[in-house]
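Examining the three-dimensional arrangement
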Amino acid sequence: MNKTIGILAHVDAGKTTFSEQLLYYTKSIKQRGRVDHKDSFLDSHQIERQRGITVFADQGMFTYGDSNYYLIDTPGHIDFSPEMERAIQAMDYAIMIISAVEGIEGQTEIVWELLQKHQIPCFFFINKIDRVGADVEQVVQDIQTNFISDVCNISVSLSENGVMNQELTEFIAERDESLLNHYMEEGYSKDRWLGMMQLLIQENKIFPYACGSALQGMGIDDFLQKLDQLTVTNYSNEGPFAGRVYRIRHDDLGTKITYIKALSGTLKVRDIMNYGDTENTVTEKITGIRIYNGREFKAVDTVGAGELFAVTGLTMTTVGDGIGALQERATYEMVPTLKSKVIFEPSVNVKEALKYFKILNAEDPSLNVTWEESLQEIHIHVMGKIQLEVLEQLVKERFNLNILFDRPEILYKETIITEVIGYGHFEPLGHYAEVHLQLRPGERNSGVSFHNACHADDLSVGNQNLVRHHIFEREHHGLLTGSPLTDVIVTLLNGRAHNKHTTGGDFREATYRALRQGLEQADNLLLEPYYNFKIKVDLDHIGRVISDIERAHGSFEAPRSEGNKAILTGRVPVVTFMDYNSRLASFTQGKSSLSLTFAGYERCHNEQEVINEKGYNKDADTEYISSSIFCAKGQGYTVGWEEAKSKMHGL
């Protein structure tokens, strides 16, 4: 049986140490490494060893019982959350490590939300019970209060041979009516209860926990034995191959390595694979298959369902792609809220350097590397300052380039609050396309969606698909600051083409102009990213914290007490709170905790100030034009957006 397990935690909870112990106990590695000794097996990159943190989601392998395990050790720092989320989608089960001393921390909550979103069954391992101040009972209570009440202790309630004590027996029976009836009439049956427990875990209805010390090796062997008992997968090698790309890397020779989780079927070297969406399907041959354990790999000829592996030969894959029979792309929630400009030494050809950043972008799509032609600059999106420091070091190591980053700026977005119809016409001599688009406000944080209300008698299905493609082929600029457009429902109402004169690119021009002409009519709104926050401080400091939140233009719910602590939750703009952690730690002498999770975009609290600071000139944006082009007497002429509707042919 093939099982993929992921190890997740807040930074410094002991995640990598726990992973090392699993590999050591199963004889996958000969000695246990330690993060503080800079010799851990899975933190194999020089950057990780220097910084003492996990940056990349590396994987190991081990065999236990009748199962082959693929273990993914994920980053614990919030700056590398996108890497962690991409790894989550390859997991069958997750093990969340929580410190018995620090308890639930900021990244722990982010991890839990992602696991619930992607429906990954989760085990808890309460670590560091050998430390002064460890309080397992309090951690369990916090899990039940903040995450889920249906947790069960497998350390003491489940024996090595699968027998349950009475407490666990009744806990399982209470969650299934037929099992409860069986218990009342005939009593406990080990195999039946174990099977039901496996099913309840798979369905995210119960969550087992155990405790120990990863550093001392306490509880690891017992936990692994229980994990093996309680986890099952049902992958099948029958049918066509289907897989998901969850990671991309490049080797020292520049060869693209595509990491795939096989979901069904088998894959062989020299097999022909399809990937990409239905409109842009790519067909390529698999030239090699690798099974990775840390940085080492072995070449194999065949892989089957449930395995994690990497292939060569696929040159255009992106993270999240479905491979083979799976066409649906994965979606990701962890998105950066900051943007920064790359600063090069004067001797560097910036356009030449762009190819290196495109390699990084293939490996981490959340970077969203963009080339600003008018400024001759490279911009990237990031989660935080630690990520920028790591990127500086990474670019030096891999490409021998000395770079710096400009001070990160907030990533704003724009939307509309009124419904309009936009018209675009593109008819210079020898060309023809016309598009009518309805633009409506969408739900907040819904992105851009497309609907089609156009009849094939007015515009062919092929050209209708072209309009849809041009809506989604890139982020579109808003009018206020030139920031990306979001939360808009775009409906194609009508369009026109010409049998002779419509050529490639005409519908791109008409679609962009229709979108822009609609924005010119609409009431536009600037959006900024917000955090959900959770602050835990001594009661003496609650007044100051509330004042800070109000000054930061945040909102909060009524504080609640927990012993001598006060807990405050609410929402606050990222720009006013992104550096608050250090300030909070300073005036509380470190006796506080702050959890920040991305809460999406809301109306900007200082819209006019940001608009003035950005200084965006919508009429000087060379990528977007609001006017339309018509043709008369063999010559094209421009019609301003205000008069475009009256000239349209399709009305």
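Residues numbered from 1 in each chain as written. Predicted model: local features only at pLDDT ≥ 70, side-chain atom pairs only at ≥ 80, totals over all residues. Heavy atoms only, no water.

1. Focus on the overall build of the chain
What counts here: Helix numbers and strand numbers start at the N terminus; a helix is a DSSP run of H or I with at least 4 residues, a strand a run of E with at least 2. Throughout this description, buried means an accessible area under 20% of the type-specific maximum (1.4 Å probe, protein chains only), exposed means over 50%, and partly exposed covers the range between. Surface accessibility in these figures is a Shrake-Rupley result with a 1.4 Å probe; residues are shielded only by whichever protein chains are displayed. Positive: Lys, Arg. Negative: Asp, Glu. His and the chain ends are not part of the count. For charged residues, the charge sits on one atom: NZ in Lys, CZ in Arg, CG in Asp, CD in Glu.
Summing up its helical and strand segments, the chain has 19 helices and 34 strands in all. When the backbone C-alpha atoms are referred to their principal axes, the chain occupies close to 90 × 65 × 65 Å. Out of the 651 residues belonging to the chain, those deemed buried represent 53%. For the chain, the accessible area works out to roughly 29,100 Å², and carbon and sulfur atoms hold 46% of it. Mean positive and mean negative side-chain charge positions of the chain (64 and 91 charges, respectively) differ by 4 Å.

2. Examining the nonpolar core
The cut-off we apply is this: Only buried residues count toward a nonpolar core, which is a set of Ala, Val, Leu, Ile, Met, Phe, Trp, Tyr and Cys residues joined through side-chain atoms within 4.5 Å. Any two residues whose heavy atoms approach within 4.5 Å at even a single point are treated as in contact.
Among the nonpolar cores identified, the biggest contains 47 residues, and Phe357, Ile380, Ile535 and Phe577 are the most heavily contacted of them. Apart from the residues within four sequence positions on either side, phenylalanine 577 is in contact with Tyr531, Phe533, Ile535, Ile549, Ala552, Val572, Leu594 and Leu596. Grouped together as the second largest cluster of nonpolar side chains are 39 residues, Ile5, Phe62, Tyr93 and Leu194 included.

3. As for the pattern of salt bridges
Here is the rule: Salt bridges are defined as contacts in which a side-chain nitrogen from Lys or Arg sits within 4 Å of a carboxyl oxygen from Asp or Glu.
Across all of its chains, the model carries 32 salt bridges by this definition. We note a salt bridge from arginine 175 to aspartate 150, for which the minimum N-O separation is 2.8 Å. Taken together, the residues arginine 175 in the loop between α7 (166-173) and α8 (177-186) and aspartate 150 in the loop between α5 (136-146) and β6 (151-153) connect sequence positions 25 residues apart. Assessed through its relative accessible area of 21%, aspartate 150 is described here as partly exposed. Arginine 513 serves as the salt-bridge partner of glutamate 509, at 3.1 Å between the closest nitrogen and oxygen. One end of the pair, glutamate 509, and the other, arginine 513, are both in helix α14 (residues 506-521), four residues apart, so they sit about a helical turn from each other. Arginine 513 sits in the buried class, given a relative accessible area of 5%.

4. A few points about the confidence of the model for the chain
Spelled out, the test is: As a per-residue quantity, pLDDT reports the predictor's confidence and falls between 0 and 100.
Within the chain, residue pLDDT values average 89, and 96% of them lie at 70 or more. In the predicted structure, residues 35-39 sits below a pLDDT of 50 and forms nine contacts with residues beyond four places in sequence or in another chain.

5. Digging into helix α13 (residues 461-472)
We apply this condition: By this rule, a helix spans an expected 1.5 Å times one less than how many residues it contains. Arc definition: directions from the helix axis to the C-beta atoms.
Its twelve residues give α13 an end-to-end C-alpha distance of 17 Å, which sits within 8% of 16 Å, the value for a rise of 1.5 Å per residue. Burial in α13 covers these residues: Asn463, Gln464, Val467, His470 and Ile471. The arc that holds the buried residues of α13, viewed along the axis, is 120 degrees, so those residues lie on one side. Residues of α13 that are buried in the fold lie against β25 (433-441), β26 (448-452), β27 (488-497) and α14.

6. Examining the pairing of strand β33 (residues 628-632)
Quick reminder of the rule: At least two bridges found by DSSP between two strands are what make those strands a pair.
In this structure, β33 lies alongside strand β34 (residues 635-639), joined through five bridges in antiparallel fashion. Its bridge partner lying in β34, isoleucine 629 is registered against threonine 638. Between the end of β33 and the start of β34, which pair antiparallel, lie two residues, with lysine 633 showing a positive phi angle near 55 degrees.

7. Quick notes on the packing of aromatic side chains
The condition is simple: Pairs were defined over the aromatic rings of Phe, Tyr and Trp, the Trp ring being its six-membered one, requiring ring centres within 6.5 Å. Orientation was assigned from the angle between planes: stacked under 30 degrees, edge-to-face over 60, tilted for the rest. Cation placement over rings: the criterion is NZ of Lys or CZ of Arg within 6 Å of the ring centroid and within 35° of the ring normal.
One pass over the structure, following the stated rule, counts 24 aromatic pairs. Ring centres of tryptophan 112 and phenylalanine 207 lie 5.3 Å apart, and the angle between their planes is 65 degrees; on these two criteria the pair is classed as edge-to-face. In this pair, tryptophan 112 sits in helix α4 (residues 106-117) while phenylalanine 207 sits in strand β7 (residues 207-211), placing the two residues 95 residues apart along the sequence. Both residues of the pair, tryptophan 112 and phenylalanine 207, count as buried. With centroids separated by 6.2 Å and ring planes inclined at 90 degrees, the aromatic side chains of phenylalanine 123 and phenylalanine 223 adopt a geometry described as edge-to-face. Residue phenylalanine 123 is found in strand β5 (residues 122-127), and its partner phenylalanine 223 is found in helix α10 (residues 220-230); the two are separated by 100 residues along the sequence. Here phenylalanine 223 falls in the buried class, since its relative accessible area comes to 1%. By way of ring pairs, the aromatic residues Phe18, Tyr93, Phe123, Phe125 and Phe223 are connected into one cluster. Positioned above the aromatic ring of tyrosine 259, the side-chain terminus of arginine 247 is 4.8 Å from the ring centre. Above the ring of phenylalanine 587, the side-chain terminus of arginine 544 is found at 4.0 Å from the ring centroid.

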